[in-house]
Amino acid sequence: MKPVKLHLLFVACAMLALPQATALVEVVSKPISKTVELPGEILAFLSVSLHAKLASYVDRMLVDRGSVVKQGDLLVELSAPELKARIAEAESKVQAADADRLQAEAQLAADQATLDRLKEAAKTPGAIAGNELIQAEKQVDAAQALVRSRQEASRAAEAAVQNEKDLAAYLRITAPFDGIVSDRLVHPGALVGPSADPVLLVIQQVSHLRLVVPVPEADVGGIALHAEVPFQVPAYPERSYSGTVARIAHALDQKTRTMAVELDVYNRDGSLAPGMYPAVTWHVRRSHPSLFVPPTAVVTTTERTFVIRNRGGRAEWVDVKKGVTENGVVEVIGDLQAGDSVVRRATDEIREGSPLK
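Quick caveat, the model's predicted, so the values are computed rather than measured. (Residues numbered from 1 in each chain as written. Predicted model: local features only at pLDDT ≥ 70, side-chain atom pairs only at ≥ 80, totals over all residues. Heavy atoms only, no water.)

A.B. asks: I would appreciate a short explanation of the overall build of the protein in the present structure.
C.D. replies: Tallying secondary structure elements over the protein gives three helices and 21 strands in all. The globule rule puts the C-alpha radius of gyration for 357 residues at 21 Å, and the 43 Å found for the protein is more than 25% above it. Overall, the protein is about 160 × 60 × 35 Å in size when its C-alpha atoms are taken along their principal axes. The burial tally for the protein puts 34% of its 357 residues in the buried class. Carbon together with sulfur atoms contributes 54% to the accessible area of the protein, which is approximately 21200 Å² in total. Placing the 40 positive and 44 negative side-chain charges of the protein at their respective mean positions leaves the two points 10 Å apart. (Helix = DSSP H or I, 4+ residues; strand = E, 2+ residues; numbered from the N terminus. Rg over C-alpha atoms; globule rule 2.2 N^0.38 Å. Buried < 20%, exposed > 50% of the residue type's maximum accessible area, 1.4 Å probe, protein only. Areas by Shrake-Rupley, 256 points an atom, 1.4 Å probe, with all protein chains shown as cover. Lys, Arg positive; Asp, Glu negative; His and termini not counted. Charge placed at Lys NZ, Arg CZ, Asp CG, Glu CD.)

Next up, the structure:
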């Protein structure tokens, strides 16, 4: 090898051995404070579809779509002629059972009187045979058992009447809570009941609403109960609304990798409606502060993503994952601590273990 080439080789080796002049920057720890816009869906806080419990005909519809109702208001009246006939039949059975009971009680009274006379006569020796007294006692026992049986039959008949009358109460359908009739699906004369099972009315509570927000998996760690969350709806873009975080699903949807979070919204002026899709301004929070470095400090190659930490004057590659970017710095997740010194403008040309100045 020529002397000139050897000289250049020695110079290059000497330069590699010298510390590389690099600017260092500290890893900063601070809480994440950013907002993202998430889609949501407004649902009624309470919603119920009303059905008829009995096979019957719609007699009167007292409300229609859009009607405002109070709890206990009469909404629909139904008619069931067969039920009236069953009630009359059950009442006649009560009367027959009462007649049988009275007859049994009368027979018991007669048998008891006979037994009492025999007992009085038995005080005189030889007046009556002992077998007659035993037979009279058995007759009273049988009469008492018959009376108890007739009483049970009478109570059963009365219960049957009450059951039919309780069923008749279902012919009057009332509002289960304060709300609005959002749909009406039948008209007078329609046959309803378990066999047909059509929905009569849909009642929804709209003064109190649920706002369901699918929160991405990366942001579920900072969900705070009772936090106020602002949102807007396309119907009123100039207005701003807010809801309170009230319920968290604590489970991710496997398809969307999001967690459903429900907000309580009070619709005092009635401007909001179930089915609206608002834009929710979601404040991303983390349960602990995050670490940040300048974007130029993160090196991304085909094999890894890393920063170069100053470890005792030498370069140390530390694998990281990048998170959110805000205010000119990027979040890094890895084996780092706040206050660590990393190379501000890192490249993969700064080899691991090489000296740093």
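Read on, since the account is not over.
A.B. asks: Please explain the side chain of Glu262 as it appears in this structure.
C.D. replies: Here Glu262 is to be found in strand 14 (residues 258-266). Within the structure, the side chain of Glu262 is placed 2.7 Å from the side chain of Arg247, a separation counted as a polar contact. Excluding anything up to four places from it in sequence, Glu262 contacts Arg210, Leu211, Val212, Thr244, Val245, Ala246 and Arg247. (Polar contact = N/O pair within 3.5 Å; in protein donor to acceptor, adjacent residues only side chain to side chain. Contact = heavy atoms within 4.5 Å.)

A.B. asks: Explanation requested: the side chain of Ser154 in the structure shown.
C.D. replies: Residue position: Ser154 is located in helix 3 (residues 130-169). Since its relative accessible area comes to 4%, Ser154 is described here as buried. Filtering out sequence-adjacent residues up to four positions away, Ser154 remains in contact with Ala97, Asp98 and Arg101.

A.B. asks: Hey, could you run me through the packing of aromatic side chains in this one?
C.D. replies: Two descriptors summarise a pair of aromatic rings, namely the distance from one centre to the other and the angle between the planes of the rings. Evaluation of the coordinates by the stated rule reveals two aromatic pairs. Sitting over the ring of Phe292, Lys30 keeps its end group 5.1 Å from the ring centre. Lying over the aromatic face of Phe45, Arg210 brings its terminal NZ or CZ to 4.2 Å of the ring centre. (Phe/Tyr/Trp six-rings, centres within 6.5 Å; stacked < 30°, edge-to-face > 60°. Lys NZ or Arg CZ within 6 Å of the ring centre and 35° of its normal.)

A.B. asks: Explanation requested: the sheet that holds strand 10 (residues 191-192) in the structure shown.
C.D. replies: Strand-to-strand pairing in sheets goes through backbone hydrogen bonds, with the strands running parallel or antiparallel. With antiparallel pairing, the four strands of this open sheet are ordered in space as 8-7-5-10. Every other strand in the sheet has two partners, leaving strand 8 (172-174) and strand 10 as the edge strands with one partner each. Where strand 5 (residues 56-61) meets strand 7 (residues 74-79), four bridges bridge the pair, whose relative direction is antiparallel. Residue pairing across strands places Tyr57 opposite Ser79, the latter belonging to strand 7. (Pairing = 2+ DSSP bridges.)

A.B. asks: What exactly am I supposed to notice about the environment of Ser29 here?
C.D. replies: As for its position among the elements, Ser29 is in strand 2 (residues 28-30). For Ser29, a relative accessible area of 37% corresponds to the partly exposed category. The residues contacting Ser29, other than those within four sequence positions of it, are Pro289, Ser290, Leu291 and Ala338.

A.B. asks: Sorry if this is basic, but what is going on with the nonpolar core here?
C.D. replies: The nonpolar side chains of soluble globular proteins are, as a tendency, buried together. Counting residues in hydrophobic clusters, the biggest one holds 24 residues, and the most contacted among them are Leu75, Val76, Leu78, Leu201 and Ile203. Secondary structure elements with two or more residues in this core: strand 5, strand 7, helix 2 (81-121) and strand 11 (201-216). With three residues, strand 7 is the largest single contributor of residues to this core. Once residues lying within four places of it in the same chain are set aside, the contact partners of Leu201 are Val48, Ser49, Leu50, Met61, Val63, Leu75, Val76, Val181, Asp183 and Arg184. Listed in part, the 23 residues of the second largest apolar core include Leu209, Val213, Ala227 and Leu263. (Core = buried A, V, L, I, M, F, W, Y, C linked by side-chain atoms within 4.5 Å.)

A.B. asks: Just to check I follow, could you spell out the pairing of strand 20 (residues 329-334) for this structure?
C.D. replies: Each regular strand shows side chains that alternate between the opposite faces of the sheet. One ladder, built from three bridges, connects strand 16 (residues 290-293) with strand 20; its direction is antiparallel. The partner of Val293 across the bridge, within strand 20, is Val330. Judged from the five bridges that link them, strand 19 (residues 314-326) and strand 20 form a sheet pairing that is antiparallel. Its bridge partner lying in strand 20, Lys321 is registered against Ile333. Linkage of strand 19 to strand 20, two consecutive antiparallel strands, is achieved through a turn of two residues, within which Asn327 is found at a positive phi near 55°.

A.B. asks: Could you clarify how one ought to interpret helix 2 in this entry?
C.D. replies: An α-helical turn contains 3.6 residues, so any two residues separated by three or four positions project in the same direction. Helix length check: helix 2 (41 residues) gives 61 Å between terminal C-alpha atoms against 60 Å at 1.5 Å per residue, within 8%. Those residues of helix 2 that sit buried are Leu83, Ile87, Ala90, Val94, Ala97, Ala104, Leu108, Asp111, Leu115 and Leu118. (Expected span 1.5 Å × (residues − 1).)

A.B. asks: Can you walk me through the confidence of the model for the protein in this structure?
C.D. replies: Fine structural detail should not be taken from predicted coordinates in areas where pLDDT scores are low. Summary statistics for the protein give a mean pLDDT of 87 and a share of 93% for residues scoring 70 or more. Taken together, the stretch residues 1-18 has pLDDT below 50 and engages in three contacts with residues farther than four places along the chain or on a different chain. (pLDDT = per-residue confidence, 0-100.)

A.B. asks: Would you take a moment to explain the pattern of salt bridges for this structure?
C.D. replies: Close approach of charged atoms allows side chains with opposite charge to pair. Per the stated rule, a full pass over the model turns up 20 salt bridges. Linking Glu164 and Arg86 is a salt bridge whose minimum nitrogen-to-oxygen distance equals 3.3 Å. Here Glu164 is found in helix 3, whereas its partner Arg86 is found in helix 2, with 78 residues between them in sequence. For Asp98, the salt bridge is made with Arg101, and the minimal N-O distance between the two is 3.7 Å. (Salt bridge = Lys/Arg side-chain N within 4 Å of Asp/Glu carboxyl O.)

A.B. asks: Sorry if this is basic, but what is going on with the environment of Thr256 here?
C.D. replies: Position of Thr256 among the secondary structure elements: in the loop between strand 13 (236-252) and strand 14. Of the residues examined, Thr256 reaches a relative accessible area of 47% and is grouped as partly exposed. Residues Thr256 and Pro198, spaced 58 residues apart in sequence, show a C-alpha to C-alpha distance of 34 Å. Engagement of the side chain of Thr256 in a polar contact is seen with the side chain of Thr258, the distance being 2.7 Å.

A.B. asks: Would you take a moment to explain the pairing of strand 15 (residues 279-284) for this structure?
C.D. replies: Burial along strand 15 is one-sided: Val280, Trp282 and Val284 are buried, while Ala279, Thr281 and His283, pointing the other way, are not. Bridge analysis of strand 3 (residues 34-39) against strand 15 gives six bridges, and the strand direction is antiparallel. What sits directly across from Thr35, in strand 15, is His283. Summarising the sheet, strand 12 (residues 228-233) and strand 15 pair through two bridges and their orientation is antiparallel. Across the sheet, residue Phe231 finds its bridge partner in strand 15, namely Val280.

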